[in-house]
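Structural overview for review
So the chains spell out like this:
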Amino acid sequence: MLLLLNAEPQRTDPNNDSVIAWIRGVHNGGAVPLRHFLAAPRVINDTYGLFFYDPDGGYVSAFTKDKGYEFYGWRSGVMVVKGPDGTLWSALAGRGLEGPKKSQRLQRLPSFMTEWGYWLMLHPESTAYDLFDGKKYSVAELPSGLSREAKSTIGNVDARLQPDVLVLGVESRSLARAYPLDTSSERACYTDQLGDLGVAVFWYKPTKSGTAFSSKVNSRTLTFYADSGSPETAPFKDRETGTRWTLAGRAVDGPLKGQELEWVNSIQCKWYAWAAEFPGTMIYAPPTK
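Residues numbered from 1 in each chain as written. Predicted model: local features only at pLDDT ≥ 70, side-chain atom pairs only at ≥ 80, totals over all residues. Heavy atoms only, no water.

Turning our eyes to something else, we now look at the pattern of salt bridges. Applying the stated criterion across every chain, the model contains 12 salt bridges. Here Asp253 and Arg244 are joined by a salt bridge, their closest N and O atoms 3.1 Å apart. Close ionic contact of Glu260 with Arg250 constitutes a salt bridge, the shortest N to O distance being 2.8 Å. Highlighted residues: Glu260 in the loop between β22 (251-253) and β23 (266-270) and Arg250 in the loop between β21 (244-245) and β22, separated in sequence by 10 residues. (Salt bridge = Lys/Arg side-chain N within 4 Å of Asp/Glu carboxyl O. Helix = DSSP H or I, 4+ residues; strand = E, 2+ residues; numbered from the N terminus.)

Moving on: the nonpolar core. Among the nonpolar cores identified, the biggest contains 27 residues, and Phe52, Tyr59, Tyr69, Val81, Leu92 and Trp274 are the most heavily contacted of them. For this core, the elements supplying multiple residues, two or more each, are β4 (50-54), β5 (59-63), β7 (78-82), β13 (175-180), β23 and α4 (271-277). The biggest single contributor to this core is α4, with five residues. Among all residues touching Tyr69, those that are not within four sequence positions of it are Val43, Asn45, Leu50, Phe52, Val81, Lys82, Gly83, Pro84, Trp89 and Leu106. Counting residues in hydrophobic clusters, the runner-up holds 25 residues, among them Ile23, Ala31, Val217 and Ala248. (Core = buried A, V, L, I, M, F, W, Y, C linked by side-chain atoms within 4.5 Å. Buried < 20%, exposed > 50% of the residue type's maximum accessible area, 1.4 Å probe, protein only. Contact = heavy atoms within 4.5 Å.)

What follows is about the sheet that holds strand β15 (residues 197-204). The sheet built from three strands is open, its strands ordered β14-β15-β16 with antiparallel pairing. A strand with exactly one partner marks an edge of an open sheet, and here the two such strands are β14 (187-194) and β16 (209-214). For this sheet the average axis-to-axis angle between neighbouring strands, irrespective of direction, equals 20 degrees. (Pairing = 2+ DSSP bridges. Axes fitted to C-alpha atoms, helices over the stretch in contact; angles between N-to-C directions.)

All right, on to the pairing of strand β12 (residues 166-172) then. Counting buried positions along β12 yields six of seven residues, so the element is predominantly enclosed. Two elements, β12 and β23, share five bridges in a ladder whose sense is antiparallel. In the strand pairing of β23, Leu168 is matched with Gln268. Both β12 and β13 contribute to a ladder of six bridges, which runs antiparallel. From the neighbouring strand, Gly169 faces β13, where its bridge partner is Ala178.

The four strands lie next to each other as β19-β20-β21-β22, forming an open sheet whose pairing is antiparallel. Because the sheet does not close on itself, it has two edges, and the strands there are β19 (224-226) and β22. Bridge analysis of strand β20 (residues 236-238) against β21 gives two bridges, and the strand direction is antiparallel. Counterpart to Phe236 in the pairing with β21 is Trp245.

This part covers the side chain of Asp238. With respect to the helices and strands, Asp238 occurs in strand β20. Put simply, Asp238 is tucked away with no salt bridge, and the nearest opposite charge, on Arg220, sits 6.4 Å away. A distance of 3.3 Å separates the side chain of Asp238 from the backbone nitrogen of Glu240, its partner in a polar contact. (Lys, Arg positive; Asp, Glu negative; His and termini not counted. Polar contact = N/O pair within 3.5 Å; in protein donor to acceptor, adjacent residues only side chain to side chain.)

Attention now moves to the environment of Lys101. Note that Lys101 resides in the loop between β9 (96-98) and β10 (111-115). Lys101 gets classed as partly exposed once you look at its relative accessible area, which sits at 32%. Sequence-wise, Lys101 and Thr87 are 14 residues apart; in three dimensions their C-alpha atoms are separated by 6.0 Å. With residues near it in sequence (within four places) discarded, Lys101 still touches Asp85, Thr87, Trp89 and Gly96.

Glancing now at the pairing of β4. Most of β4 sits inside the fold, with five of its five residues counted as buried. Side chains Leu50, Phe52 and Asp54 project from β4 onto one buried face, and the interleaved Phe51 and Tyr53 project onto a second face that is buried too. Pairing between strand β3 (residues 43-45) and β4: three bridges, direction antiparallel. Of the residues in β4, the one forming a bridge with Ile44 is Phe51. Between the antiparallel neighbours β3 and β4 lie four residues. Taken together, the five bridges between β4 and β5 define a ladder with antiparallel strand orientation. Looking at β5, one finds that Tyr53 is bridged to Val60. Linkage of β4 to β5, two consecutive antiparallel strands, is achieved through a turn of four residues, within which Gly58 is found at a positive phi near 75 degrees.

Taken by themselves, the reported measurements are silent on function.
So, in structure tokens, the structure goes:
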């Protein structure tokens, strides 16, 4: 594991630092601390991936590695980045807006937002970014409000939800659905069918983390739920086998121990940003009890 070196004095406990964690691939995943790397430049082009940070829209998007991307501006309140060939891209959707690659899509990395201490507890072997000499990236505090520039471009927001409601936006083929995250519950699980895809959305309030997985394991469909009696390391269980699952979709206790759920294309963000990029989106409504 690479350590964070030569950082400026911490104002807060580094375990509480917000990170974007990629949950599959090399080193069993890894994490990028926002304050140390993304808060200032907003864009990182790296061997581990391509990362865009939009504090106004409340998200960090992660895509497969590439180079030559830089912050450009805003459209409908959503951050826009410029690619090496001049193509303008939606930072949230990874969709080409203008230029040679218009309408093309970047490939998302399986990832979700969490806190450094929690991620390290789950995956002590994972990769962390190194600050090298402390000069390449400058530590910056995370913005606490909507920027003037983003606010001026937002326009009319889809009135089905309040603009700043936190959602997990999920895509499956041509379908898109927003899952409003219940920030009053410590842990929650929403099970749904999006076209022919069975989806389980996990929410964990202590780290403000939402992520989505396929509900099928080895051709068997499982029914997931948030279990109040399970430890913080594995807050979710399936009813069929009683296996405990982590927020990263890994089975750590029970008959399916060692299995991994298939990550579903998704991103946690504010409603106004998701609705701007996916105007035809559906909204999840929990079943009536």
